[in-house]
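Tertiary structure, described
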Protein chains: 2
Amino acid sequence: MPIPIPILQGLKLLDQLPAPRLEELSRTLSERRVQRREVVVKLGDAGGGLGLLIEGRLQTVSFTLDGKEVGTDFVDAGDFFGELSVIDGQPAPEYVIAVAPSRVAMLDRDRARELMFSTPAGAAAVAARLAERLRRSATHKAVLALPSSFQRVCAQLAALARPAGSDGGLRVHVAPTHQEIAIMVNTSRETVTRTLQFLLGLQVVAREGHDLIVLRPELLRQAVDGSFGPTR
Amino acid sequence: MPIPIPILQGLKLLDQLPAPRLEELSRTLSERRVQRREVVVKLGDAGGGLGLLIEGRLQTVSFTLDGKEVGTDFVDAGDFFGELSVIDGQPAPEYVIAVAPSRVAMLDRDRARELMFSTPAGAAAVAARLAERLRRSATHKAVLALPSSFQRVCAQLAALARPAGSDGGLRVHVAPTHQEIAIMVNTSRETVTRTLQFLLGLQVVAREGHDLIVLRPELLRQAVDGSFGPTR
DNA sequence: CAGCGGGTGTGACGCACGGCACAACGCTGG
DNA sequence: CCAGCGTTGTGCCGTGCGTCACACCCGCTG
């Protein structure tokens, strides 16, 4: 089924495209719906095309050298993914998995390269996206390198929390499971549970349905830099 | 002082450039020599230009949220660095420090953007470089996420070792100090020392001047995936 | 309603490793 | 040749947290 042009215009790579090109893409692209947990790109896939995320949320997941899962980054609606293989022709470095029901479109390799490199606007969009990913990767490393598990969990919570709609409060919308958090910050599920219990007990965070709301962001920040925690 | 054209042609961003452009750059660029430990780009610098590494080796260093140093990546001769600020205009996300005596050239922001985006070849070079950095960043994360310090040190050694000239042996040329390794893999200097002692004792690696040679790469690999180590 | 599976909460145990303290080495420069 | 500093080697101590084991809760489906 074709994809409506207004939707295509909402995608970062395509928002500068002239109308005729958009129309052509609209006719030839087709959309795929994926459910939570479904795999969109497999680790090691070579020659895959470029993915465009129309709606939903994806996560990139990879593995340590000893086989344990490591969460790495997220893909939000409007972003594209799978660029690395398109750029350098190497196999995909990680899995891409849906964390929420999503709609994606795949663009074959040759047309993707053409969009990415033939115009300065396309090139700039690609560079901007890669730069964004690198910066996030760096901050994620800064989290991973924190000495204690407690700090890492707090840091990850702080990173996941986004300003909520109404007041200025922070909230983690549909919080990940403890297991998923553990994977992101390289610790055990039990430690995540214990950390969360600690924070709930001190009213630093609170549960609200499937969301987690941050009541005292400043304490969370102190927890990250070590000046606040279980052992005094 | 002007930079000879053959040297400019050895740089990844410039190797496709037509002769007249090269000549102009040769006249206007000037080279700076830096010593080991000298800072080339400061964390937080905004509006900095693009750096070109003519000779030597640089390292990017950043800090955890609680203020500890984290080694992140290396820049080798021919690579450029400081792209992120040029691309997105944000402050530099990390320090860039020389780990060996080096020669660098700085290119101002506007001319860098022109080189990077005005031609498909330039755009492809930039994308390729960013893709390379992202892939390395991902493998570094895979190292950081290993459960035990011992494994992380071994993994880092394996990553640093490159095929040596003569035979097929692996060698770490001018090995980093234990402290530097500790920073890269998020552990303590003492643990690095102990791990290295362990490996030296079992003849897995050996010292040769300032180099470290890997005598038994297969054991090193087993050490990484946990099937070989101090506690059996 | 029972039965099930995925997620969460909690206790107990053991050990790897971070931190400290100090000794020993190997340079560089005076 | 000695002083001084950066790096390496090692013992010891305390503890954070990974792991195992098990109970509980909730939302399914039949």
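Here the structure is a predicted model, which is why all the values come from computation and not from measurement.

**Focus: the protein's contact with DNA strand C**
- Around DNA strand C lies a shell of 17 residues, among which A:Arg189, B:Ser148, B:Thr187, B:Thr191 and B:Arg194 are the nearest.
- Near the protein, meaning within 4 Å, the atoms of DNA strand C are sugar or phosphate in a fraction of 54%, with bases accounting for the rest.
- The side chain of B:Ser188 places a nitrogen or oxygen atom 3.0 Å from a phosphate oxygen of DNA strand C.
- In the environment of DNA strand C, a base nitrogen lies 3.1 Å from a nitrogen or oxygen atom belonging to the side chain of B:Glu190.
- Secondary-structure elements contributing two or more residues to the surface near DNA strand C are α8 (189-201) of chain A together with α8 (189-201) of chain B.
- Of all the elements, α8(A) adds the most residues to the surface near DNA strand C, at five residues.
- Among the residues forming the surface near DNA strand C, the class breakdown is no nonpolar, ten polar and seven charged.

**Topic: the pattern of salt bridges**
Residue and element names in this part refer to chain A.
- This model, assessed by the stated rule, comprises 44 salt bridges over all chains.
- Of the charged contacts, one joins Glu 180 and Arg 37 as a salt bridge, the two residues approaching to 3.2 Å between their closest N and O atoms. Of the two residues, Glu 180 sits in helix α7 (residues 178-185) while Arg 37 sits in the loop between β1 (31-34) and β2 (39-41), which places them 143 residues apart along the sequence.
- Judged by relative accessible area, Arg 37 falls into the exposed class, the value being 52%.
- The salt bridge partner of Arg 136 is Glu 132, with a shortest N-O separation of 3.1 Å. Here Glu 132 and Arg 136 lie together in helix α5 (residues 120-144), a separation of four residues that amounts to about one turn.
- The exposure class assigned to Arg 136 is partly exposed, which follows from its relative accessible area of 29%.

**Some details on α7(A)**
Residues and elements named next belong to chain A.
- Of all eight residues in α7, six are buried, a share of seventy percent or more.
- Structurally, α7 contributes buried residues whose contacts are with β4 (57-63), β5 (69-76), α5, α6 (149-160) and α8.
- One or two steps after α7, the chain reaches Asn 186, where phi turns positive at roughly 60°.

**Examining the sheet that holds strand β9 (residues 162-163) of chain A**
Residue and element names in this part refer to chain A.
- Across the sheet, which stays open at both edges, the four strands sit in the order β9-β10-β12-β11 with antiparallel pairing between neighbours. The sheet is open, and its two edges are formed by β9 and β11 (205-208), each paired on a single side.
- In this sheet, strand β12 (residues 211-214) lies alongside strand β10 (residues 170-172) in antiparallel orientation, the contact comprising three bridges. Bridge pairing in β12 places Val 172 opposite Leu 212.

**Focus on the packing of α5(A) against helix α5 (residues 120-144) of chain B**
- Where α5(A) contacts α5(B), the axes come no closer than 10 Å and their chain directions differ by 20°. One finds that α5(A) runs roughly parallel with respect to α5(B). With respect to the hand of their crossing, α5(A) and α5(B) are arranged in left-handed fashion. For the pair α5(A) and α5(B), the contacting residues are A:Ala123, A:Ala127, A:Leu130, A:Arg133, A:Leu134, A:Ser137, A:His140, A:Lys141 and A:Leu144 in the first and B:Ala123, B:Ala127, B:Leu130, B:Arg133, B:Leu134, B:Ser137, B:His140, B:Lys141 and B:Leu144 in the second.
- The residue makeup of the contact of α5(A) with α5(B), split by class, is ten nonpolar, four polar and four charged.

**Digging into the protein's contact with DNA strand D**
- Surrounding DNA strand D, one finds 17 residues, the nearest of these being A:Ser149, A:Thr187, B:His178, B:Arg189 and B:Arg207.
- Counted by atom, the contact set of DNA strand D within 4 Å of the protein is 59% sugar and phosphate.
- Between A:Ser188 and DNA strand D, the recorded distance is 2.9 Å, taken from a backbone N or O atom to a phosphate oxygen.
- In this structure, a phosphate oxygen belonging to DNA strand D sits 3.5 Å away from a side-chain N or O atom of B:Arg37.
- Listing elements by their share of the surface near DNA strand D, those giving two or more residues are α8 of chain A together with α8 of chain B.
- Each residue belonging to the surface near DNA strand D can be placed in one class, and the counts come to no nonpolar, ten polar and seven charged.

**Topic: the interface of chain A and chain B**
- Contacts between the two partners involve 40 residues from chain A and, on the opposite side, 40 residues from chain B.
- Approximately 3,400 Å² of surface area, both sides summed, lies buried where chain A meets chain B, with 69% of it carried by carbon and sulfur atoms.
- When residues of chain A are sorted by the area they lose upon contact with chain B, A:Leu134, A:Arg135 and A:Lys141 head the list and together hold 22% of the total.
- On the surface where chain A and chain B come into contact, there are two salt bridges.
- Of all the secondary-structure elements, those providing two or more residues to the side of chain A that touches chain B are β5, α3 (83-88), α5 and α6 of chain A.

**Description of the nonpolar core**
- Core analysis: the biggest nonpolar cluster contains 57 residues, and A:Leu14, A:Leu50, A:Met116, B:Leu13, B:Leu14, B:Leu50 and B:Met116 have the highest contact counts within it.
- The element that contributes the greatest number of residues to this core is α5(B), accounting for seven residues.
- Residues contacting B:Leu13, with those up to four places away along its chain left out, are B:Leu50, B:Phe80, B:Leu115, B:Met116, B:Gly122, B:Ala125 and B:Val126.

How each quantity is defined
- Residues numbered from 1 in each chain as written.
- Chains lettered and ligands numbered in written order.
- Predicted model: local features only at pLDDT ≥ 70, side-chain atom pairs only at ≥ 80, totals over all residues.
- Heavy atoms only, no water.
- Near = heavy atom within 4 Å.
- Polar contact = N/O pair within 3.5 Å; in protein donor to acceptor, adjacent residues only side chain to side chain.
- Helix = DSSP H or I, 4+ residues; strand = E, 2+ residues; numbered from the N terminus.
- Nonpolar A, V, L, I, M, F, W, Y, C, P; charged D, E, K, R; others polar.
- Salt bridge = Lys/Arg side-chain N within 4 Å of Asp/Glu carboxyl O.
- Buried < 20%, exposed > 50% of the residue type's maximum accessible area, 1.4 Å probe, protein only.
- Contact = heavy atoms within 4.5 Å.
- Pairing = 2+ DSSP bridges.
- Axes fitted to C-alpha atoms, helices over the stretch in contact; angles between N-to-C directions.
- Parallel < 35°, antiparallel > 145°, perpendicular 65-115°, else oblique.
- Left-handed = near helix turned anticlockwise from the far one by under 90°.
- Buried area = accessible area lost by both parts, 1.4 Å probe.
- Core = buried A, V, L, I, M, F, W, Y, C linked by side-chain atoms within 4.5 Å.

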